Amino acid sequence: MSIKLEHDSIYPKIDLFSTEFKHQAYKFYDNLRISKPIYPFTLPNNQKAWLITRYKDALMILKDKRFIKNPYTLFDSNQLKDIIPVQEMEVLISHMLNSDPPDHNRLRNLVHKAFTSKTIENLRGQVQDIANDLLDSLKYKNNIDLINEYAFPLPMMVIGKMLGIPEKDFRQFRDWSNTIIEAGNLPDKMHEALLEINSFRSYLSKLIKNKRQNPGVDLITTLIHAEDEGQFLTERELHSTIFLLIIAGHETTVNLIGNGVLALLENPEQLERLRENPNLIKSAVEEMLRFYSPVELTTNRWAREDIMIDGNKIKKGEMVVVSLASANRDQNQFKEPQKFDISREDNKHIAFGMGIHYCLGAPLARLEVEIAINTLLKKLPEFQLNNQKELSWRPSYLMRGLDKLPITILY
Ligand code: HEM
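Residues numbered from 1 in each chain as written. Predicted model: local features only at pLDDT ≥ 70, side-chain atom pairs only at ≥ 80, totals over all residues. Heavy atoms only, no water.

Caption draft 1: A look at the confidence of the model for the protein chain. When the pLDDT values of the protein chain are averaged, the result is 90; 96% of them are 70 or greater. Overall, residues 1-9 carries pLDDT values under 50, and its contacts beyond four positions in sequence, including any with other chains, amount to 19 contacts. (pLDDT = per-residue confidence, 0-100. Contact = heavy atoms within 4.5 Å.)

Caption draft 2: Spotlight on the coordination of the iron atom of the ligand. In this structure, the iron atom of the ligand receives exactly one donor atom from the protein: Cys359 (SG), at 2.3 Å. Mapping Cys359 onto the fold places it in the loop between α16 (324-327) and α17 (362-379). (Donors = N, O, S within 2.8 Å, 3.2 Å for Na, K, Ca; no water. Helix = DSSP H or I, 4+ residues; strand = E, 2+ residues; numbered from the N terminus.)

Caption draft 3: Structural detail: the sheet that holds strand β3 (residues 67-68). The sheet built from five strands is open, its strands ordered β1-β2-β8-β5-β3 with mixed pairing. The sheet is open, and its two borders are formed by β1 (38-42) and β3, each paired with just one other strand. Bridge count for strand β5 (residues 301-303) against strand β8 (residues 319-322) is two bridges, and the pairing is antiparallel. Residue Arg301 lies in a different strand from β8, and its bridge partner there is Val320. Along the sheet, helix α2 (residues 55-63) makes contact with β1, β2 (48-52), β3, β5 and β8, crossing β8 at roughly 125°. (Pairing = 2+ DSSP bridges. Axes fitted to C-alpha atoms, helices over the stretch in contact; angles between N-to-C directions.)

Caption draft 4: Quick peek at the site of the ligand. Around the ligand sit 29 residues, and of these His104, Arg108, Thr299, His357 and Cys359 come closest. Here Arg301 contributes a side-chain N or O atom positioned 2.7 Å from an oxygen atom of the ligand. The set of elements that each furnish at least two residues to the shell around the ligand consists of α4 (103-112) and α13 (235-266). When residues of the shell around the ligand are assigned to their parent elements, the largest contribution, seven residues, is made by α13. (Near = heavy atom within 4 Å. Polar contact = N/O pair within 3.5 Å; in protein donor to acceptor, adjacent residues only side chain to side chain.)

Caption draft 5: Seen up close, α13. Taking 1.5 Å as the rise per residue, α13 with 32 residues should run 46 Å; its terminal C-alpha atoms sit 47 Å apart, in good agreement. Burial runs high along α13: 28 of the 32 residues are buried. (Expected span 1.5 Å × (residues − 1). Buried < 20%, exposed > 50% of the residue type's maximum accessible area, 1.4 Å probe, protein only.)

Caption draft 6: Structural context of the packing of helix α8 (residues 153-163) against α13. Relative to each other, α8 and α13 sit at 160°, their axes nearing to 8 Å. The pairing of α8 with α13 is recorded here as roughly antiparallel in orientation. Pair α8 / α13 crosses with right-handed handedness. Contacts from Pro155, Met156, Ile159 and Leu163 in α8 reach Leu245, Ile246, Gly249, His250, Thr253, Val254 and Ile257 in α13. By residue class, the composition of the contact of α8 with α13 is eight nonpolar, three polar and no charged. (Parallel < 35°, antiparallel > 145°, perpendicular 65-115°, else oblique. Left-handed = near helix turned anticlockwise from the far one by under 90°. Nonpolar A, V, L, I, M, F, W, Y, C, P; charged D, E, K, R; others polar.)

Caption draft 7: Representation of the pairing of β2. Of all five residues making up β2, five are buried, and the element is well covered by its neighbours. Of the two faces of β2, the one lined by Lys48, Trp50 and Ile52 and the one lined by Ala49 and Leu51 are each fully buried. Sheet topology note: the β1/β2 ladder contains five bridges and is antiparallel. Looking at the pairing, Ile38 lines up with Ile52 of β2. What sits between β1 and β2 in their antiparallel hairpin is a turn of five residues, with Asn46 showing a positive phi close to 75°. By the bridge criterion, four bridges tie β2 to β8 in an arrangement that is parallel. Residue Trp50 lies in a different strand from β8, and its bridge partner there is Val320.

Caption draft 8: Layout of the environment of Ala193. For Ala193, the location among the structural elements is in the loop between α10 (187-192) and α11 (194-213). Taking the C-alpha atoms as reference points, Ala193 and Arg174, 19 residues apart in sequence, are found 14 Å from one another. In this structure Ala193 touches Thr179 and Ala183, once residues within four positions along its chain are discounted.

Caption draft 9: Structural context of the pattern of salt bridges. By the definition in use, this model includes 26 salt bridges. Put simply, Glu235 and Arg212 hold a salt bridge, and the shortest N to O gap is 2.7 Å. With Glu235 in helix α13 and Arg212 in helix α11, this residue pair connects regions lying 23 residues apart in the sequence. Judged by its relative accessible area of 42%, Arg212 is partly exposed. Two residues, Glu287 and Arg290, come together in a salt bridge whose shortest N-O distance is 2.9 Å. (Salt bridge = Lys/Arg side-chain N within 4 Å of Asp/Glu carboxyl O.)

Here you go:
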């Protein structure tokens, strides 16, 4: 059934994608949590949405089944053009993160086994070897970009090997996913990104064809043969799931390594504590997740029916976006939320989301980042930020991550 979406000009337009917004976002959220925690606004593509900034509302909405993820069940084909501006993307987005039960359960169950804490723990040695090799290859370089030379290749190699992607192709994924992530859902940018989207699609088709002919011991082969209560993945779901695992499997973790090192450099006494006591790494990583949450805003959710929250009527078909970054700095949930404290107790951050879409890769992300940070501190005796002025947050709708992290290593 189709519903009418209104565009109301009194709702301010906010460019959540821009680097400028990213630089002042935390101040903006601090004000909103006090003045207008359920905030109506207009996205740059003219879609009307509600921005949720308080921890308690974030939890409630992420667990509420009346907010749904699959736009195809709610909108007609005309309205879908605004939501999915580029038809070529359709084959890449039929994955669990855009699905509701029962499809969601089926799509998630098919890959769940590969990501349990127990399975992931078996990768510890492999992740440690990757971290060692990457850092050894930097030996005697004085100036490096930590994002390019460490934070990006580490998770890309891990997820690439899990999926069974040839190593020579890893670099190419960065360009594809950067372009797609930075385009967000903006029609103009999506059209500009068309070339990249198409080459990513045809790469995936060839890869899947190849795996059908030459099965390996890897996740793509498992997915091709996966069966859950008699149901296989459709061809479209297979493409989309691999696309999701590649993007979710490295973009976010790159950002957590970069943001985490930045937080340590901005708080040298915390860096010193971690160097002296590497056992603090688990709580340090949780604090990094809270402090500069790599997924700043959740993916889109739509109200399946009219829903009242705190006196605000969210009408059927309207979109909500939860700011995990804001919820994770909520003064009503965290003591001294603006303080970066690597031994923070009772740190119930929601950087991995909440509810049925809670991050499937959380155990893998935690393992990778614990190893990445502690190995970095062990192998590099001392390093400092090279040029503060060069620091810039990438323009992106969902993510918070640095473009570059230039550091000087002191041997
Ligand atoms: C620091 C790293 C990571 C962070 C902060 C993160 C964060 C998130 C968040 C917030 C969501 C939910 C989004 C929403 O509800 O709109 C999510 C979902 C997901 N993440 Fe992660 N993620 C990380 C790493 C990973 C890794 C390494 C993988 C592995 C492949 C992964 C796979 C997924 C998948 C498949 C979903 C969809 C789950 C579902 O819909 O049921 N993530 N992640």
